[in-house]
Amino acid sequence: MAAALCPCRALLARRGGAARALFGSVRGLAAGPETHFGFQTVTEAERREKIYQVFESVAKKYDVMNDSMTLGIHRVWKDILVHKMNPSPGTLLLDVAGGTGDIAFRFINYVRSVRERQLQRKLKHHQNLSWQEISESYQEDKSKSLGDSQVVVCDINKEMLKVGKQKAQHLGYSEGLSWVLGNAEELPFDDDMFDVYTIAFGIRNVTRIDLALQEAYRVLKPGGRFLCLEFSHVSNPLLSRLYDLYSFQVIPVLGEVIAGDWKSYQYLVESIRRFPPQEELKAMIEDAGFFKVDYQNLNSGIVAIHSGFKL
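Quick caveat, the model's predicted, so the values are computed rather than measured. (Residues numbered from 1 in each chain as written. Predicted model: local features only at pLDDT ≥ 70, side-chain atom pairs only at ≥ 80, totals over all residues. Heavy atoms only, no water.)

Let's shift gears to the side chain of T91. Its place among the elements puts T91 in the loop between helix 5 (73-85) and strand 3 (92-96). Looking at T91, the relative accessible area reads 8%, which means it is buried. At 2.6 Å, the side chain of T91 and the backbone oxygen of S88 are in polar contact. In contact with T91, other than residues within four places in its own chain, are F107, S149, Q150, D195 and V196. (Helix = DSSP H or I, 4+ residues; strand = E, 2+ residues; numbered from the N terminus. Buried < 20%, exposed > 50% of the residue type's maximum accessible area, 1.4 Å probe, protein only. Polar contact = N/O pair within 3.5 Å; in protein donor to acceptor, adjacent residues only side chain to side chain. Contact = heavy atoms within 4.5 Å.)

As structure tokens, then:
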């Protein structure tokens, strides 16, 4: 199965090219049903174009802004997501809207760590082997540090993928990693393909969340797991007021100072307020067919991790 995931052109073959994968759900309409872009009312086609422009604009400063906006706490949230996933060697992960690679790199590190522990336990049970035999066995297993695991990063935005690939090269990630241009609402993958589907801080920017959830269900294997990390609704009234003050008064200013882009970060703040609360998103995930759906609030609901299984 791992071999079937590479090269990327094989992954994209099902949908017949990047253009359809990116904008297939627009269907060539100049206008469509009304939706929202932050606090603005726009058509679905306009929203897709505006969001694409947002992330094209912020891609190069995306990581720096994440650290600045969250004081680095986004790193802890992503660590919690991967630990909740608890992937084992051999896991096939699809990370959607993961262009800069944050979840993918954590997944690879986690699986490598599991493999290392497995290898150490294995060698402890072979006390009668010679030093040379132990060394050869260790080197052979070490060369397969991911144990056939693979992560496919799928993002609609070329600039975000470009940043992710540059980071992967700089950090030395190559094994078990693929990059695919694709739309969460019409994924360019076959049915029943992946063990885990993750989307971190991405589903909020999908125009049709229901379609994205249906696609997540479709590409997961029976028994596969859906995990979503997203900004959500704060339960504590005092914290909520402080959070609103920080979001609307500070984050756009940071966007202007660091990324030279006030409007994009104003949209990101507004989009959080328009996103469905925890229970509503849970119901949407269940409507898509997932079972055992639950969520975990982090930092009083500033973000939440939703989980569900395809049974």
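As a further point, take the sheet that holds strand 6 (residues 194-200). Overall, mixed pairing links the seven strands, which are arranged 5-4-3-6-7-9-8 in an open sheet. Whereas interior strands pair on both sides, the edge strands pair on one side only; in this sheet they are strand 5 (177-181) and strand 8 (291-298). Within this sheet the neighbouring strands show an average axis-to-axis angle of 15°, counted without direction. As defined by bridge partners, strand 6 adjoins strand 7 (residues 220-231) across six bridges and the pair is classed as parallel. Bridging across to strand 7, A200 finds its partner in L229. (Pairing = 2+ DSSP bridges. Axes fitted to C-alpha atoms, helices over the stretch in contact; angles between N-to-C directions.)

For the rest of this paragraph, the subject is helix 4 (residues 62-70). All buried positions along helix 4 are accounted for by Y62, M65, N66, M69 and T70. Within helix 4, the buried residues cover an arc of 110° as seen down the axis, which keeps them to one side. Positive phi appears at L71, one or two residues downstream of helix 4, with a value of about 60°. (Arc of directions from axis to C-beta.)

So, about the pattern of salt bridges. If charged atoms from side chains of opposite charge come close, those side chains can pair. Across all of its chains, the model carries 13 salt bridges by this definition. Two residues, D192 and K310, come together in a salt bridge whose shortest N-O distance is 2.7 Å. Highlighted residues: D192 in the loop between strand 5 and strand 6 and K310 in the segment after strand 9 (303-309), separated in sequence by 118 residues. Judged by relative accessible area, D192 falls into the partly exposed class, the value being 39%. The salt bridge involving K221 is made with D195; its shortest N-O contact spans 3.3 Å. Of this pair, K221 sits in strand 7 while D195 sits in strand 6, placing them 26 residues apart in sequence. Assessed through its relative accessible area of 23%, D195 is described here as partly exposed. (Salt bridge = Lys/Arg side-chain N within 4 Å of Asp/Glu carboxyl O.)

What follows concerns the nonpolar core. Core analysis: the largest hydrophobic core is formed by 35 residues, its most contacted members being W77, V151, L177, L229, F231 and V303. For this core, the secondary-structure elements that each account for two or more residues are helix 5, helix 6 (102-124), strand 4 (150-155), helix 8 (158-171), strand 5, strand 6, strand 7 and strand 9. When residues in this core are grouped by element, the largest group, eight residues, is from helix 6. Beyond its immediate sequence surroundings of up to four residues, L229 is in contact with W77, K78, L81, I199, A200, F201, V303, A304 and I305. Core analysis: the second largest hydrophobic core is formed by 29 residues, L94, F189, V206 and F226 among them. (Core = buried A, V, L, I, M, F, W, Y, C linked by side-chain atoms within 4.5 Å.)

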